[in-house]
Amino acid sequence: MGFLTDLTRRVKETQQALAEPALGTKALATGFGITFKHYLQQQIKLRPTETIQYPEERREQFPRTRWRHVLTRYENGLEKCIGCSLCAGACPARCIYVQASENSDDNRYSPGERYAVKYEINMIRCIFCGFCQDACPTGAIVLRKDFELADYHRDDFLYTKEMLLEPAPITGLIPLTAITVVEPAASSH
Amino acid sequence: MAIMNLLFANREVPGIENIAVYEAHGGYQGLRKAVSLDRQAVIDEVKSSGLRGRGGAGFPTWIKWNGLPKNYDKPHYVICNADEGEPGTYKDRELLLKLAHTLVEGMAIAGYATCSTQGYVYIRGEYVEPAWQLRKAIDQAYKAGYLGKNILGIEGFNFDLNIHMGAGSYECGEESALMSSLMGERGNPRLKFPHAPLPTVEGVWKSPTLINNVETYCAATWILANGAEKYSALGTERSKGTKIISVSGHIRRPSNYEVEMGTPLLELIDAAGGVVGGSLKAVIPGGSSVQIVPAEKLAGINLDYESCFANGTLLGSGGFMAFNDRTDIVLLMKRTSEFYAHESCGKCTPCREGTRWLYRILDRITSGGGQEGDIELLLSVCANIDGRSYCGLGDAAAWPIVGAIKAFREEFEYWIKYKKSPVGSHAVPPSPDPVNPLLRLSAVNR
Amino acid sequence: MSENKLTQTDATLNPPTTDLVNIKINGVAVKVPKGENIIESARRVGVDIPYFCYHPRLSKGDAANCRMCLIEVASTAPDGSVRKMPKPQAACTMPASEGLVVETETPAIIKDRKGILEFLLINHPLDCPVCDRGGECPLQNNTLFYGPPTSRFIEEKRHYPKSYPLSEHVVFDRERCIQCARCTRFTEDISGDSQLGFLKRGADIEVGSFASTAYQSKFSGNVIELCPVGALLSRNYRFKARPWDLLTQKSICTQCSNGCNIKYDYRVDKIQRVNARLNEDVNEEWTCDRGKFGHDYISADSRLREPLVKRGGKWHPISWTEAYALVAEKFKAAGSNVAGIGGANATNEDNFAFQKFFRETLKSSNIDHRLGAYQGPGAGPIFSRLGYHTTGTTIAELESAKTIFLLGTELADEQPILFLRVRKAARFKGAAIVNALDRAVADTTSASDFADVDLLYRPGTEVALLNGVLNVLFSKELVAAQDGLDFSGLQSAVAEWTPEKAAAETGVSAESIVRAAELLARGSVAVIAGKTVTEHAYYTDIAAVLANLVIAVGSPAGLNIPVTDFNAQGAADMGVLPDYGPGYTPVASAGLNTRGILQAAASGSLGALWIVGAELLEQYADTKLAESALENCQFIVMNALSLTPTASMADLILPVASAAEKDGTVTSCERRIQRIYRAFDISGNVKPDWLVFTEVAELLGGGAPYVSARDIWRDIAQTIPTHSSITLKSLGESGIRWQYAHPAPKPTVAAAPYKAPAAAGTSRA
């Protein structure tokens, strides 16, 4: 309620001030003067521009920025994730769901016996603390710099393994960072 | 003179393995003497002789004999440990081959004294010929009435003797493992006092059991036949009588020598003809399980339990091994540790994992992979095994290595630093085949 | 086949001795029972000693092999001087004795523990992230608490192929095994099949079965829980979840009537595994394989999630409202010409609501839960003679029996946990076992391995055999005179059954009959009769002779003819019987039993039939009658979990909650009332049976408006006098065995007629 009475009082004061012609003109001139000064300073490059033209321009990110999770692969294309669920255990927001299954020689996803058949992160719950990355015994899950995570539906924030997994390399020789095409990996499921 | 043949008095007599010759040379007089006495008097005779167990531990024999209940309420068992597996020891083999009747007589005496009706001789599986000799001796003894029902006409004195062949496990020479094996179970050691009752209360088949070494029963025969005074007159204050020492290694005349307890160790080497192939470097006085003694420390050691113990080693089972100066102690220890790693039964953690680890460290050192700190690692692993294992096998695997590092540390350091043997061409042969023969065998079987 | 009992190592489970000794643990003086092992004594003063191989229920003969529990021990001489033992000792086998001084936290012991753990880990693969045991692993925990931070082992570790399939249920990872011998001891001491043992020796030692054959046991699942590392794993649960992913709910096993306490470990709405829950009175801490691996049906994909109605031979999903309307319409039309079958797999509350719905709302007593051959009076054949309906002995009391007589049962299949108690009694408590079995069914049972005498009789000659035993008891004067009991009638009735005549009739040797009689005369007898008896055409006669036998040997409370279905005992207690209401109160006019109902249905005269989870086609003895009943009945509604063969012949199927989805109580074969708890819901459209009956009753204008299972229990306690003092809270963790209000009746003996089998091998029902 304090806020409302305060506002009423201010409006009254302004009305009174504007009612006096000399006082009103001065106030207007002072206000616009500041705007005009800044405009001129920027035009003659006396002062840097803080605003950037996102999304055409993007800010540089700090080296240890933690944003969207990525499930990485070994150079031979096998998934690093072994479905151990330690990330889920470490997660303070309880937003990771892992379901493991057994590799077979015909159907191999990761080097050992075990792989994650389901790996889901609820991005609405995630607080990007990076504990999952710390807990991972194989370095499979890493938090990278993709921060544009907005979406239209709540369901779309449930990131599946297909969305999180790094794309499979075309051959083992091409560095993974060189591949930019993002599409659901054909190899899984 | 160092040699004093009591048990071996008749070993050169031709045909002594036959009962007629044996009887002609005073055989079965001990048993006759025993049955003429009260049961307690027999035990007292053994007590006053001061006889101690000849299997290695030196436990006073009469305490075991006295521990069994003196009645026939429950079956009692008399067991002879003839699973002679200690590397360097072969006295029981000769006793069985030539003097099997002495053993039969000794066990019958024990059967009489402890009210037992069943006896078992557990012979190691490789001793086929000794087992045949014993079989013959037992058959002859049955015919002559020294075994079976109403022995020597004594009403109610029944004693049957059976042979049980082992299947090639060193561990089964340990008395509780032997009992497991005898009962048809896996040859693993069992709980011992104070965790479980003594064998004399609860041994095989949960019945009172007497278990002694071959030499102990033979000595008991001699004591009954010749009197405890004669026996206790020999030896030192606490180690009475004689001990058979199996001499082997770089020695001119390797053989079994029966010596009076307390004989200076060096005298035995002289009696056996001295060292061959170089000068004496070290001696293992009691089988591979005991600490090695360098030549310069041998002078004060006498062959009796106390003197050996005071000098940081043990008389053990009398497996006396002498090594000349071309012996590589590290290779010797590698071979020894390989033996224990192979013979560990695998029941308890320290022995199962530790013995194999010791072997692998020594194997690495002797194949040029030695690292700084390996000696400390060996000592630490030995310390973690020693006294922590379930039975004595773990201790026996750790002691020789600790002893060897104490006495010959510079040889280990040499191997680690220069990746080669300090003695150049070495006398102790490397192990014949690096592959565990048991593994190979089972791989074929599968 | 008899085991040599002398060779067995003694168990640590000796009866507690009253002899107390003074010992000192870490400076704290404490009085403990003489001979107790130091691990247990240390717990009394709050000192934890780490271990792997020790287990209080396994024999200590092969224990003390992990060496993790080493302690320093000293003894006090009478003069007060303390003598320390030179070597550290294993606490798990060290017996407490007067004046023992124990130190568990000295620098030497701390160093020893580090050494032992370093040894254990040098050949352990340390693949905890992919190991199912990771997170609940004693090796992990002890390493964290007591272990060295690093290993000095730089050589190559021992390698074996991973995941060797040991049996149908168990996989074995030999690399992870620490050779603690718990599994091998379990198979020898507890389950008795001796299937696992050690192969090879030294560092190559490994657990295995004989000649690499499959590990065949009815109790193999227990070794998974016993294993202190991830070496023995469930094939079913493998890689399904990590311990921190799981939620746990207490429950009771639904696979038989023993009432074993279990835990469901589940994830969201799927059961991942079943573990045993400690209850010393019932299952101790064991489960059978049927119980441990038999709960998949709860989370099966075939579970029904909405009501289905059959229209034109096809199933159509409908809403509950429509389903109720249909049921109400049909049952209203049929009036009291309705019937209900089942309830043996539902809770007490379900059954109470079931019978209340029929008796009060529909005014019909045509309900029965029994599917077996016996369809006689609901109280059973022994109640009038002995004062109890099925079991006189509790499971735990079997341990104190001197002689256990098993008649016509493969107990390890029928009542697996009862079997473990019988074996425990035989192996560790010195009970004698007489094992009588129909030679047409089997010539050996699991109990034959340790039975003192096996009696293989010709089919149908049970009465002759028992009369023969009674004859020996009388002729050898092994029957003690009992107050006010006249045995002369019985004696003369069995006088003709000399062992020789009984032997000729039954095919059992006369010596065996005499031997059995001598063992039964030792007193404190427990008789367990199994399916061969209850499914027998002469069941009533056999039960009468068994009653004679237990009275003659002076153990009138020793007869047990346990029910076999999950809550059949509870269903009978709740009055799902045509002739008895709740608490066995006779009803004015008895309804039809299961056979009568099915006959009425088969003739087309029955208006409507409600089946409560009873798989008639699979479980009812007369499959043909069941089939024609299901075909010809005018309207069948069935409460079912999934579309089973019986359900697919119904007209309307109502999806009901399984044991994991509802609260309630169940009663085991020994009359023990225990609680089950709701763990999760698989769908909002699945309802517990009691709710279905309550809601339909409301539609039909009657019945009590129950809103929870707790409500019904309150009603049960008010209705049944024997249950009146029992509240859900008072059931606690281990349940309560309800007691008969009336004193045990005065035993009476009555000879039963012997009807010779018409032809050998054809007499079984």
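Here is what the cut-offs are and how they apply
Residues numbered from 1 in each chain as written. Chains lettered and ligands numbered in written order. Predicted model: local features only at pLDDT ≥ 70, side-chain atom pairs only at ≥ 80, totals over all residues. Heavy atoms only, no water. Contact = heavy atoms within 4.5 Å. Buried area = accessible area lost by both parts, 1.4 Å probe. Salt bridge = Lys/Arg side-chain N within 4 Å of Asp/Glu carboxyl O. Polar contact = N/O pair within 3.5 Å; in protein donor to acceptor, adjacent residues only side chain to side chain. Helix = DSSP H or I, 4+ residues; strand = E, 2+ residues; numbered from the N terminus. Patch = residues over 30% accessible without salt bridge, like charges linked within 9 Å, V, L, I, M, F, W, Y side chains within 5 Å. Areas by Shrake-Rupley, 256 points an atom, 1.4 Å probe, with all protein chains shown as cover. Domains from an automatic or database assignment. Pairing = 2+ DSSP bridges. Axes fitted to C-alpha atoms, helices over the stretch in contact; angles between N-to-C directions. Buried < 20%, exposed > 50% of the residue type's maximum accessible area, 1.4 Å probe, protein only.

(A) The arrangement of the interface of chain B and chain C in detail. Taken residue by residue, the interface counts 45 residues in chain B and 51 residues in chain C. The three residues of chain B that bury the most area against chain C are B:H195, B:W357 and B:R388, which together make up 17% of that side's buried surface. At the junction of chain B and chain C, the tally comes to 5 salt bridges. Put simply, B:R364 and C:E155 hold a salt bridge, and the shortest N to O gap is 2.5 Å. Counting the contacts that link chain B with chain C gives 23 residue pairs in polar contact (both at pLDDT 80 or more). The set of elements that each furnish at least two residues to the side of chain B that touches chain C consists of helix 12 (329-343), helix 13 (349-369), helix 14 (374-385) and helix 16 (437-445) of chain B.

(B) Seen up close, a nonpolar patch on the surface. Together, A:F3, A:L4, A:L7 and A:V11 make up a nonpolar patch on the protein surface, roughly 400 Å² of accessible area in all. Residue position: A:L4 is located in helix 1 (residues 2-19).

(C) Structural view of the domain arrangement of chain C. We note that the domain assignment places domain 1 (20-105), domain 2 (120-234), domain 3 (308-376 + 566-734) and domain 4 (391-560) within chain C. Each of domain 2 of chain C and domain 3 of chain C has a C-alpha centre, and the two are 46 Å apart.

(D) Seen up close, the sheet that holds strand 4 (residues 209-213) of chain B. All names here are of chain B. Pairing is parallel across the open sheet formed by 4 strands, whose spatial order is 3-2-1-4. The open sheet has two free edges, formed respectively by strand 3 (160-165) and strand 4, since each of these has just one partner strand. Across the sheet, the axes of successive neighbouring strands diverge by a mean angle of 20 degrees, strand direction being ignored. Where strand 1 (residues 77-82) meets strand 4, 5 bridges bridge the pair, whose relative direction is parallel. The residue of strand 4 that forms the bridge with I79 is I211.

(E) Structural view of the pairing of strand 26 (residues 652-655) of chain C. Residue and element names in this part refer to chain C. Both faces of strand 26 are covered, namely the face carrying L652 and L654 and the face carrying I653 and P655. Relative to strand 26, strand 25 (residues 636-640) runs parallel, the two being bridged by 4 bridges. Bridging from a neighbouring strand, N639 pairs with L654 of strand 26.

(F) Representation of the side chain of C:K662. Residue and element names in this part refer to chain C. Among the structural elements, K662 can be located in the loop between strand 26 and strand 27 (664-667). Engagement of the side chain of K662 in a polar contact is seen with the side chain of D350, the distance being 2.7 Å. Residues in contact with K662, not counting those within four places in the same chain, are T347, D350, A657, I676, Y677, R678, P688 and D689.

(G) Geometry of the sheet that holds strand 2 (residues 96-102) of chain A. Residue and element names in this part refer to chain A. Strand order in the open sheet formed by 3 strands is 2-3-5, with antiparallel pairing between adjacent strands. Taken across any chain shown, the strands that pair with only one partner, and hence form the sheet edges, are strand 2 and strand 5 (158-159). Relative to strand 3 (residues 114-122), strand 2 runs antiparallel, the two sharing 7 bridges. From the neighbouring strand, V98 faces strand 3, where its bridge partner is Y119.

(H) Here's a closer look at the environment of C:R158. Along the chain, C:R158 turns up in the loop between helix 3 (138-146) and strand 7 (164-165). Each C-alpha atom of the pair C:R158 and C:A203 lies 8.7 Å from the other, and the pair is 45 residues apart in sequence. Each residue touching C:R158, except ones within four places of it in the same chain, is listed here: B:E353, C:N123, C:R174, C:E175, C:C177, C:Q179 and C:A203. At 3.4 Å, the side chain of C:R158 forms a polar contact with the backbone oxygen of C:A203.

(I) Structural detail: the pattern of salt bridges. A full pass over the atoms with the stated rule returns 82 salt bridges over all chains. Among the salt bridges present, the one from C:R238 reaches A:E113, with a minimum N-O distance of 2.7 Å. Of this pair, C:R238 sits in the loop between strand 11 (232-234) and strand 12 (247-252) while A:E113 is found in the loop between strand 2 and strand 3, placing the two residues in two different chains. On the accessibility criterion, C:R238 (12% relative accessible area) is buried.

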